[in-house]
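Observations on chain architecture
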Amino acid sequence: MSQAQDTETVREDGIIESVSGPVVTAADLDARMNDVVYVGDEGLMGEVIEIEGNLTTIQVYEETSGVGPGEPVENTGEPLSVDLGPGMLDSIYDGVQRPLDVLESKMGTAFLDRGVDAPGIDLEKTWEFTPTVSVGDTVAPGDIVGEVPETESITHKVMVPPDYDGGDVTAAEEGEFTVDEPVVELDSGEAVTMHQEWPVRQARPALEKQSPTIPLVSGQRIQDGLFPIAKGGTAAIPGPFGSGKTVTQHQLAKWSDADIVVYVGCGERGNEMTEVIEDFPELEDPKTGKPLMSRTCLIANTSNMPVAARESCIYTGITIAEYFRDMGYDVALMADSTSRWAEAMREISSRLEEMPGEEGYPAYLAASLSEFYERAGLFELLNGDQGSISAIGAVSPPGGDFSEPVTQNTLRIVKTFWALDADLANRRHFPSINWNDSYSLYTQQLDPWYRENVAEDFPEIRQWAVDVLDEEDELQEIVQLVGKDALPEDQQLTLEVARYLREAWLQQNAFHDVDTFCPPEKTYQMLQAIKTFNDEAFAALDAGVPVGEITGVDAAPRLNRMGTAEEWDEFIDELESNLEAQIRELY
Amino acid sequence: MKEYQTITEISGPLVFAEVDEPVGYDEIVEIETPDGDTLRGQVLESSEGLVSIQVFEGTGGIDRNASVRFLGETMKMPVTEDLLGRVLDGSGNPIDDGPEIVPEERRDIVGAAINPYSREYPEEFIQTGVSTIDGMNTLVRGQKLPIFSGSGLPHNDLALQIARQATVPEEEDGGDDEASDFAVIFGAIGITAEEANEFMQDFERTGALERSVVFMNLADDPAVERTVTPRLALTTAEYLAFEKDYHVLVILTDITNYCEALREIGAAREEVPGRRGYPGYMYTDLAQLYERAGRIEGREGSVTQIPILTMPSDDITHPIPDLTGYITEGQIIVDRSLNSQGAKPPIDVSDSLSRLMDDGIGEGLTRGDHSDVSAQLYAAYAEGKDLRDLVNIVGREALSERDNKYLDFADRFEEEFVQQGYDTDRTIIETLEIGWELLSMFPKEELNRIDEDAIEEYYLEDESEVAEATAD
């Protein structure tokens, strides 16, 4: 696009030589790597992935049944790109950014037909544009020149595309425009529209990456409390099937305090995407009170949709995320699941008969994964502002074995690791994030924020909780051998405290109206209440009260009700004073 | 239609032939052997001048002189409502001596993916009458819920029980029209003739055959045909559900045989193998079967799938159950040790799961306390099972009273909740009541997963006193 010779040379179209599933080879096609082509009489969308002599190999994003040699291949001369502009939020796309609702009406059936294309954003619709620059202002690439109210909660910012030269504004008009009409004109002869195109495999430029210091508050106790992720951070959620990866991802998409959420359903279940489509418009964003869908962009390439489009959906997602980042927003990108993406790479790679690396995955698996996660981060933007992308990838290790290549290569890159545990899931301990195996490398850099915004002693009380859970882990080994009653009383009490930490604090019911979202203050207060119980109980134990009596006080089991209580602050206050009173009464 | 006598290579289930005109990928091929037999196959790879063909019936009898005909179309399934009550072979031809089938439509068996935007989220509770499923792993319309079993376990009895008993409760008083809307599609993939007879006899005994379509690929039928049998079954299911408004329950058994067939073809094509020799695209391939379950907005019917698979050496991390579990919406696990204890059906609830449960139950659907009761039963049973290990070491006397109660609970749970027999049809209310009976062994404070109002309403005071008395 940007290279001058493209427009001058007329690219030759080719002829299909062979077809094997999603991989098609064509002869006489004059194309560059990663160019988008239309394959066969039906014009199925594909991408050039290998060129060898006169033969070009193409991965096709649609089903290839019935396509045969001799059919034409038409070259567009452009790499796989996404349409960026107002209208992306509150939308649902497939892996190559075709809007699924538009496809439904164009195809006239509930099933995905072939050879139907649609632009990623509505080219006919008009938007209300208000310039933020006036004639005579100088603008550079990345600068914001105007605003469009895109959805109830998000203002879309119109920017000078990064590949422009920039210059002085010669015209800037307010009014209703379609995305392709120029809204701001520059003296360089360039016209800014609300529509940008960007090749998905190329990161959008920014000035530099910075160290994040603000957490992405998720409203989930184990994540905010023990293993936080920063705005601009990366996290992985590996776990065997049934351990709650998708629910965890959905919870983050629902409750995290990002401005924009890009949710990529990569090779997962159709019904799960439907759940998001049906639920999100009804849920309120805890921050703005507006429907969650108005800050969300969905990309759904379910497991039965073509495998090549699954390979590209991750790139489509991160490019859309980068575009919103460039407006200065904090974007959260959820990818569920990166293993399906890696498997799509493996499938294509094996059809190309490439030399396989570990477990049949291509040798470039690690490079592709790190390239993806490196596109996340807290950035200083071209226009000097800040914007961030937090990337959270689910990993589905075969057999739940974390030693497999996708999990291992992901762990080398990400800084937060939420390890899902089948054993916890089987006891219906949700979220089933294992507190012994998980970690976050952001804790230290986020501590100042927690001290300032939640509680001065937050890091200390968190450490206390971690210590108790660690101790429980060790004690459990002994309990397995000799039984709980054989332990000394203080250790029995520790086990009891740890049980409340697990059951009352770490467990959180995603399907309970109140418990599903837990603000950090409540996370802290709940922990504080358990700490109160701990301190009072140990004081009583020192005074000679038997452990059975201490743990038997009426108020103690009420700790389990903290999460679901309607008026949590009152409930916890009352509970704390009851605990104190009832335990002190014992001595 | 052109005929070729240009076969250059025959290898396992594959035949390679030279052609002088283009042939479409996935097209259907007929091969006539010198003995006059006609074999059917499918184009696996098509390039200029050469095609590779996968022969469904096996390549026995084919030689270089066999003639190859390309039919110019991909594989189609002739569908009509008249298929109900019929028995077909694994390639879709009738084998029950019934009248000729006049199709209303011929549908591509690969089946396009349902647009996720057009789906409707499944949330209609199906009552199977099995407590461990209804109470703990609820099935809903449009779900795909596989049964993970092992060799020698009674998964077929369970599947039959579900097929027999499945109803949607509120429709019982809604008139008799609704009942006729229900259809069963049974796809036998490489099962033994004896197993198949078991199914057929049960279908005939209960009159279920009238509302069923049966596809039979038996153990001695060609292995390659197994890759099309489930697709034929699902194409029929989609037609009945989305054109004719039936609520279709598809039972596919045994998916393990299907995957073996995939591996066989992959090996013959000299593909780079994935885990344990299964092809790298097995996930995508299985997804193309399982994802054909669902509901579509604006259509009456639904496709619910219960695929059955036997886990090789009961290993749930084996690629077949593993990939299946990642695609399906949960799994029902048939457990060997429960089976040897005589539990019928021997479902191990702790490893079983239904992902769509939360939306299909509760106030107005089943009962308000359903979700809490099941969570509490799970937690209590898990705790009781853990304690069993400990008891083996230290003995019951060394355990606290609380621990002993959990041990008793786990035993009673298996004897009263899990155990019910293949002919007992329990309503969801009965199931929940048994649950409360068991939970009432514990003092109220232990029931920390249940809403306090629900405890007030359903907790059985006597039961805990009885339990107390026996414990003393």
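In this text the structure is predicted, and so the values were computed from the model without any measurement.

Our focus in this paragraph is the overall build of chain B. Along chain B, the regular secondary structure elements total 15 helices and 21 strands. Over its C-alpha atoms chain B spans a radius of gyration of 25 Å, differing by no more than 12% from the 23 Å that the globule rule assigns to 472 residues. Structurally, chain B occupies a C-alpha span of about 85 × 55 × 40 Å along its principal axes. Every one of the 472 residues in chain B was classed for burial, and the buried ones make up 61%. Summarising the internal contacts of chain B: among those between residues at least 6 apart in sequence, 72% fall at separations of at least 24.

So, about the pairing of strand β17 (residues 247–253) of chain B. Regular strands place side chains that alternate from one sheet face to the opposite one. Residues and elements named next belong to chain B. Among the seven residues of β17, seven are classified as buried, and the element is accordingly described as predominantly covered. Burial along β17 is two-sided: the residues H247, L249, I251 and T253 and V248, V250 and L252 are all buried. One ladder, built from seven bridges, connects strand β15 (residues 182–191) with β17; its direction is parallel. Across the sheet, the residue bridging to I185 is V250, located in β17. Taken together, the seven bridges between β17 and strand β19 (residues 302–310) define a ladder with parallel strand orientation. Bridging across to β19, V248 finds its partner in V303.

Once that is clear, we can look at the packing of helix α7 (residues 338–351) of chain A against helix α8 (residues 365–374) of chain A. All names here are of chain A. One can describe the packing of α7 onto α8 by two numbers: an axis separation of 11 Å at closest approach and a directional angle of 135 degrees. Taken as axis vectors, α7 and α8 run oblique relative to one another. Considering how the two elements wind past one another, α7 and α8 form a crossing that is right-handed. Touching T338, W341, A342 and M345 of α7 are L365, S368, L369, F372 and Y373, all from α8.

Before going further, it helps to examine the domain arrangement of chain B. Residue and element names in this part refer to chain B. Split into domains, chain B comes out as domain 1 (3–74), domain 2 (78–360) and domain 3 (370–471). Where domain 2 abuts domain 3, roughly 2,100 Å² becomes buried across the two surfaces, and 53% of that area is made up of carbon and sulfur atoms. Of all residues in domain 2, S131, M136 and K344 bury the most surface against domain 3, accounting for 28% of the area lost on that side. For the pair domain 2 and domain 3, the number of links is two salt bridges. Close ionic contact of R164 with D423 constitutes a salt bridge, the shortest N to O distance being 3.6 Å. Here domain 2 and domain 3 share 19 residue pairs in polar contact (both at pLDDT 80 or more) between them. Contributions of two or more residues to the side of domain 2 that touches domain 3 are made by α1 (131–134), α2 (155–165) and α10 (357–360). Ranked by the residues each element gives to the side of domain 2 that touches domain 3, the list is headed by α2, at five residues.

Moving on, we get to the interface of chain B and chain A. On the side of chain A, 73 residues touch chain B, which itself brings 79 residues to the contact. Counting the surface lost from both chain B and chain A, the interface buries some 6,300 Å², and carbon and sulfur atoms represent 51% of this. The tally of links from chain B across to chain A stands at three salt bridges. Between D386(B) and R427(A) there is a salt bridge, and its shortest N-O distance comes to 2.8 Å.

The subject of this paragraph is the confidence of the model for chain B. All names here are of chain B. Residues of chain B with pLDDT of at least 70 account for 95%, and the chain-wide mean is 89. Across chain B, the element-wise mean pLDDT spans from 46 in helix α3 (residues 177–180) up to 96 in strand β14 (residues 147–149). Low pLDDT, under 50, characterises residues 172–180; the stretch is placed with three contacts to residues that sit more than four places away or in other chains.

A few words now on the pattern of salt bridges. All names here are of chain B. A full pass over the atoms with the stated rule returns 63 salt bridges over all chains. For R141, the salt bridge identified is with E124, shortest N-O distance 3.4 Å. Linking R141 in the loop between β13 (139–140) and β14 with E124 in the loop between β11 (119–120) and β12 (125–126), this pair joins segments that are 17 residues apart in sequence. The class for R141 is buried, based on a relative accessible area of 5%. On the basis of relative accessibility, which here comes to 26%, the residue E124 falls in the partly exposed class. One salt bridge connects R164 with D202, and the closest N-O pair in it is separated by 3.3 Å. Of this pair, R164 sits in helix α2 while D202 is found in helix α4 (residues 193–206), placing the two residues 38 residues apart along the sequence. By relative accessible area, D202 is classed as buried at 10%.

Before going further, it helps to spend a moment on helix α11 (residues 370–394) of chain B. Residues and elements named next belong to chain B. In this model, α11 (25 residues) spans 36 Å end to end at C-alpha, consistent with the 36 Å of a helix rising 1.5 Å per residue. R388 marks the point of greatest bend in α11, at about 25 degrees. Two residues or fewer after α11 comes G395, characterised by a positive phi angle close to 85 degrees.

In this section: the state of the cysteines. All names here are of chain A. The tally for this structure, following the rule as stated, stands at zero disulfides over all chains. C297 takes part in no disulfide bond, and the closest cysteine sulfur, belonging to C313, lies 12 Å away. Free of any disulfide, C313 has its nearest neighbouring cysteine sulfur in C266, separated by 3.5 Å. Of the residues examined, C313 reaches a relative accessible area of 0% and is grouped as buried.

Turning to the side chain of T274(A), a few remarks are in order. If you trace the backbone, T274(A) turns up in helix α5 (residues 270–279). If we skip the residues at most four places from it in the chain, T274(A) touches P116(B), R119(B), E120(B) and Y121(B).

For the rest of this paragraph, the subject is the sheet that holds strand β10 (residues 138–139) of chain A. Residue and element names in this part refer to chain A. Taken in spatial order, the four strands of this open sheet run β10-β13-β15-β16, and their pairing is antiparallel. Two strands lie at the open edges of the sheet, namely β10 and β16 (191–192), each paired on one side alone. Bridge analysis of β10 against strand β13 (residues 167–172) gives two bridges, and the strand direction is antiparallel. Bridge pairing links V139 to G167 in β13.

Rules used in this analysis
- Residues numbered from 1 in each chain as written.
- Chains lettered and ligands numbered in written order.
- Predicted model: local features only at pLDDT ≥ 70, side-chain atom pairs only at ≥ 80, totals over all residues.
- Heavy atoms only, no water.
- Helix = DSSP H or I, 4+ residues; strand = E, 2+ residues; numbered from the N terminus.
- Rg over C-alpha atoms; globule rule 2.2 N^0.38 Å.
- Buried < 20%, exposed > 50% of the residue type's maximum accessible area, 1.4 Å probe, protein only.
- Contact = heavy atoms within 4.5 Å.
- Pairing = 2+ DSSP bridges.
- Axes fitted to C-alpha atoms, helices over the stretch in contact; angles between N-to-C directions.
- Parallel < 35°, antiparallel > 145°, perpendicular 65-115°, else oblique.
- Left-handed = near helix turned anticlockwise from the far one by under 90°.
- Domains from an automatic or database assignment.
- Buried area = accessible area lost by both parts, 1.4 Å probe.
- Salt bridge = Lys/Arg side-chain N within 4 Å of Asp/Glu carboxyl O.
- Polar contact = N/O pair within 3.5 Å; in protein donor to acceptor, adjacent residues only side chain to side chain.
- pLDDT = per-residue confidence, 0-100.
- Expected span 1.5 Å × (residues − 1).
- Bend = angle between axes of the 7 residues up to and from the residue.
- Disulfide = S-S within 2.5 Å.

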